[in-house]
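Residues per chain are reported as follows:
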Amino acid sequence: MKRGDNRISRVQKWKAFLLPEEPQDFEIKCSLDMPNQRVIKTDAERTRNKLLNKNEKSMLEILLTFYCKQEQIFYKQGLNEVLAPFMIFMREGLSPCKAYCYFKNFVKNYLPCMFVDKEFKALQAQFLLFRLLIRYYDPEVSIFLAAYNIEPELYCMPWFLTLLASKIQDIEIVYKLWESYMDENDRLFIMFIASAFLLKNRLKILRSDPSSIAQTISELTISTQEDLNEVLIRAGELKRNLPYSLYINLYFTDFYNLSNIEREIAKFDNQSCLTIQPREIIQRCFPVLATCASCSNSKGTCIWCSKSNHPVPLIIIDCRTEVEREAGMIPNTLPLDSRAYQDVDTLVSIPDQYRDLKETFHITLLGSRGFRYNGNEESETDVVQNMIEGLLKAFFKKSFPYVSIVEGGYFACHEMAYSAKLEFDGHNAEYCMVCNPEGPRVSYVLKRRLNSLRRSFMGKVKSALSYAGSAFRAINFKQDELPETTISSRSSTVYRSNLIYKMELDAWKRDNSVSFYYGKKFDRELSSIYPEDYIIIVTRTEVLLSTPFDDKPNASEDTPVSILIEHAKIKDLLKITSKRSSQSTLTFYFRNTSEFVFSYTLRSPQEAKNCISQVGSYFNILRPQGNSNER
């Protein structure tokens, strides 16, 4: 098929989407005197220089001006990129009037309100949802961007304003992208396309210098048909790989209703993570149900029932106190280890229990009631609320994707089950806080004891999770829980989420001066050893801590094999100390970073002695006239 024939067929195909009824011809004529006409003219002149000729650019300016006057809006940059693909239709005999109608209806159907609202409220809501989606699909990228304050508005405004047209040079690829978007018949699909586009380039982003992260992302493009296919396939996978109530909840979010947009912005801005609806919890936990718990008929024709036929693997962790669970539990849910309420080591190790299910199963946390994101006097003393906060941080810190919260908690699920006449396991109405809110509850003594633990307990959680503090600040946890974390490429001590690649690991293994010591992190404040295994890497210039290596022999050089947790320059070492009671435990102090000391427990006192000797010898080479070292 010739190129022109392809465009004619495209015009006909797009007519079903954009021009179902033949419009009456009208004259496109207007004076070029908009308040920002100079901006319109400049944008028209610089739009797709390799594609549009001078006459087409003049017509582009006329059509943009005409559209703004007809719609009574102020011109906003981005409209030129949306209109440009429709200019090409005129080369195949389509009149300016019809080309204009295609463009006008495209904006109306797929970009409503995006160019109408002066404050870009719809765009703000999309930024917030995009941030939540990236956090859900790839916490490592989310932490990395949040740590350096790289918010979506810094790089993806043109993605949403132009449906990624501004990121694509080849107009044929733009057409194919927009055709796929229109075929999907889902305005929310652009969120999944944008997420897939970002995550396709995750390695490039994670490897970028902190000073140029935003620039690196802004320079990303879709250059080939293969690139586009990869993005679209992944976007479809991201969309399908959501608990169905989570997708339905997002699907019915109206980004383009300006009368309601403030509420949507407030909702997304306050959320720490995505939420799953009680209706899905009941459907999953009672598989004998033929329809959802609130379906109005027995045929199961509602959207909930239709979507429930394709569920993703989901684990529901009941995070309520043991006393609450004794009065009833939802079937097929997993109880949280009660020791997590007493011991911070247990809390931060909860994700390790699900390590083998990571990236396969979705995990949702069930509290007593709805999760309060803003915090208030009640949430300050709500031990279940605090527990879920701590668990979210623990899962997030360990880069678990697919973590969410049950909206409304046990209370909402109980109400729905009751209306459907469903029984919970071990349900005792007398002691159930939902059935009998004025009856016996958690004893006053127990509640006071739990609340007395809250301050010290949550303080320990802060310490345990402190290195991800900047990222947690970005997900709206309380500011006083999150000490400032310095992340700078020039600092001698850096806490960050980063990757170690096979090429670098192979180079270390070939270098006889590099040593690897297996150990665990030691908490000096709590005098406790964390359960996770780590590797301490000593090179001629640095001490590094990483996760265990996933070194597959046949992997390519650019394959990530480990995550770098922290590192420091040996030349900035002040001293190394060891515990008298445990000579396997070493603490490293570095210049100007005494608040960020490194404490590790190695496998044996001999390994600790070898580590001290090696670091000391490298220090003496780097700083022969340096300060005295205490070892």
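Given the structure is predicted, the values throughout are model-derived calculations rather than measurements.

Novice: Please explain the overall build of the chain as it appears in this structure.
Specialist: A tally of helices and strands in the chain yields 26 helices and 14 strands. Among the 631 residues that make up the chain, the fraction classed as buried is 55%. Taking contacts inside the chain between residues at least 6 apart in sequence as the whole, the part at least 24 apart equals 71%. Accessible surface, the chain as shown: approximately 29000 Å² in total, 48% of it carbon and sulfur.

Novice: Help me understand the side chain of Asp186, please; the structure alone is not making it clear to me.
Specialist: Note that Asp186 resides in the loop between helix H9 (171–184) and helix H10 (189–200). Assessed through its relative accessible area of 5%, Asp186 is described here as buried. Only 2.9 Å separates the side chain of Asp186 from the side chain of Lys239, close enough to count as a polar contact. Ignoring sequence-local partners within four residues, the contact set of Asp186 consists of Tyr181, Lys239, Tyr247 and Tyr251.

Novice: Whenever I open this one, the pattern of salt bridges confuses me. Can you help?
Specialist: Opposite charge on two side chains lets them pair, provided their charged atoms get close. Considering all chains together, one arrives at 31 salt bridges under this definition. Note that Arg91 is salt-bridged to Glu56, the shortest N-O span being 2.7 Å. You can see Arg91 sitting in the loop between helix H4 (79–87) and helix H5 (96–110) and its partner Glu56 sitting in helix H3 (residues 54–71), a full 35 residues away along the chain. Judged by relative accessible area, which is 12%, Glu56 ranks as buried.

Novice: How do you make sense of unusual backbone geometry when you look at a structure like this?
Specialist: A positive phi is found at Arg48, a non-glycine position, where the angle reads about 45°. Along the chain, Arg48 falls in the loop between helix H2 (37–46) and H3. A positive phi angle, close to 55°, is found at Asn185, a residue other than glycine. Here Asn185 lies in the loop between H9 and H10.

Novice: I tried to follow the pairing of strand E10 (residues 542–546) on my own but got confused; where do I start?
Specialist: On a regular strand, one side chain projects to one face of the sheet and the next to the other, so that they alternate. With respect to burial, E10 is a largely interior element, five of its five residues being buried. With four bridges connecting them, strand E9 (residues 534–538) and E10 associate as antiparallel partners. Looking across to E10, one finds that Ile537 is bridged to Leu544. Hairpin connection from E9 to E10: three residues lie between these consecutive antiparallel strands. Sheet topology note: the E10/strand E11 (residues 560–569) ladder contains five bridges and is antiparallel.

Novice: Looking at this structure, how should I read the pairing of strand E5 (residues 403–406)?
Specialist: Pairing of strand E1 (residues 275–276) with E5, which is carried by two bridges, proceeds in the parallel orientation. Paired with Ile276 across the strands is Val406, a residue of E5.

Novice: When you look at the packing of H9 against H10 in this model, what are you seeing that I'm missing?
Specialist: For any two helices packed against each other, one specifies the crossing angle of their axes together with the interaxial distance. It is at 10 Å that the axes of H9 and H10 come closest, and there the two elements cross at 135°. Considering the angle they form, H9 stands oblique to H10. Between H9 and H10, the contacting residues are Leu177, Tyr181 and Glu184 on the first element and Phe189, Ile190 and Ile193 on the second. Counted by class, the contact of H9 with H10 contains five nonpolar, no polar and one charged residues.

Novice: Is there a simple way to explain the packing of aromatic side chains in this structure?
Specialist: Any two aromatic rings considered together are summarised by their centre-to-centre distance and by the angle between their planes. Evaluation of the coordinates by the stated rule reveals 39 aromatic pairs. Ring centres of Phe144 and Tyr148 lie 5.4 Å apart, and the angle between their planes is 65°; on these two criteria the pair is classed as edge-to-face. Across this residue pair, the class does not change: Phe144 and Tyr148 are buried. With centroids separated by 6.0 Å and ring planes inclined at 50°, the aromatic side chains of Phe588 and Tyr600 adopt a geometry described as tilted. Placement of Phe588 in strand E13 (residues 585–590) and of Tyr600 in strand E14 (residues 598–602) is noted, with a sequence separation of 12 residues between them. It is Lys358 that lies over the ring of Phe400; its NZ or CZ is 5.2 Å from the centre.

Novice: Can you walk me through the environment of Glu324 in this structure?
Specialist: Mapped onto the secondary structure, Glu324 falls in helix H18 (residues 322–326). Glu324 sits in the buried class, given a relative accessible area of 12%. Along the sequence, Glu324 and Tyr431 sit 107 residues apart, while their C-alpha atoms lie 8.3 Å from each other.

Novice: Can you help me understand the confidence of the model for the chain in this one?
Specialist: Detailed conclusions should not be drawn from predicted coordinates in areas where pLDDT is low. When the pLDDT values of the chain are averaged, the result is 82; 81% of them are 70 or greater. For residues 1–5, every residue scores under 50 in pLDDT, and the model assigns this stretch four contacts once sequence neighbours within four places are set aside. Segment residues 460–497: pLDDT under 50, and 108 contacts once partners within four positions in sequence are set aside and those in other chains are kept.

Novice: Would you mind showing me how to read the environment of Phe86 here?
Specialist: Mapping Phe86 onto the fold places it in helix H4. Under the relative-accessibility criterion, Phe86 is labelled buried at 0%. Each C-alpha atom, one on Phe86 and one on Val11, is 9.4 Å from the other, the two residues being 75 residues apart in sequence. Non-local contacts of Phe86, meaning those with residues more than four positions away in its chain, are made with Trp14, Leu18, Ala99, Tyr102, Phe103, Phe106 and Trp178.

Novice: How should helix H13 (residues 225–240) be read in this particular structure?
Specialist: Quick reminder: α-helices carry 3.6 residues per turn. Residues three or four places apart thus point the same way. Along its 16 residues, H13 runs 23 Å from first to last C-alpha, staying within 8% of the 22 Å computed at 1.5 Å per residue. Those residues of H13 not exposed but buried are Asp227, Leu228, Val231, Leu232, Ala235, Gly236, Leu238 and Lys239. Projected onto a plane normal to the axis of H13, the buried residues spread over an arc of 165° and lie on a single side. In this structure, H13 carries Glu226, Ile233 and Arg240 as exposed residues pointing more than 90 degrees from its buried face. Along its buried surface, H13 packs onto helix H6 (121–137), H9, H10 and helix H14 (244–251).

What counts and what doesn't
Residue indices follow the written sequence of each chain, beginning from 1 at its first position. Whole-chain, interface and lining totals are the exception, using all residues; otherwise, since this is a predicted model, local features are given only for residues with pLDDT of at least 70 and side-chain atom pairs are given and counted only at 80 or more. Computation of side-chain values: all heavy atoms of the structure, hydrogens and water removed. Where helices and strands are cited, they refer to DSSP runs of H or I of at least four residues and of E of at least two residues respectively, numbered from the N terminus. When a residue's accessible area, from a 1.4 Å probe over protein chains only, is under 20% of the maximum for its type it is buried; when over 50% it is exposed; and in between it is partly exposed. Throughout, a contact is declared for two residues whenever any of their heavy atoms are within 4.5 Å. Each accessible area is a Shrake-Rupley estimate made with a 1.4 Å probe; only the visible protein chains count as cover when residues are assessed. Polar contact criterion, stated in full: a pair of N or O atoms within 3.5 Å, where within protein one must be able to donate a hydrogen and the other to accept it, and residues adjacent in sequence count only if both atoms are side-chain atoms. Take a side-chain nitrogen of Lys or Arg and a carboxyl oxygen of Asp or Glu: if they are within 4 Å of each other, that pair is a salt bridge. Pairs of strands are assigned from DSSP output, requiring at least two bridges between the strands. Each axis is a line fitted through C-alpha atoms, and for a helix only the stretch in contact is used; angles between axes span 0 to 180 degrees, taken between their N-to-C directions. Convention used here: angles under 35 degrees read as roughly parallel, angles over 145 as roughly antiparallel, angles from 65 to 115 as roughly perpendicular, and any remaining angle as oblique. When residues are sorted by character, Ala, Val, Leu, Ile, Met, Phe, Trp, Tyr, Cys and Pro go into the nonpolar class, Asp, Glu, Lys and Arg into the charged class, and all the rest, Gly among them, into the polar class. Centre distance within 6.5 Å is the pairing criterion for rings of Phe, Tyr and Trp, where only the six-membered ring of Trp is used; planes under 30 degrees apart are then read as stacked, over 60 as edge-to-face, and the remainder as tilted. By definition here, charges over rings are those cases where NZ of Lys or CZ of Arg is within 6 Å of the ring centre and within 35 degrees of the ring normal. pLDDT is a residue-level measure of predictor confidence that goes from 0 to 100. The span one expects for a helix is its residue count, reduced by one, times 1.5 Å. Starting at the helix axis, one direction is taken to each C-beta atom, and the arc is that of these directions.

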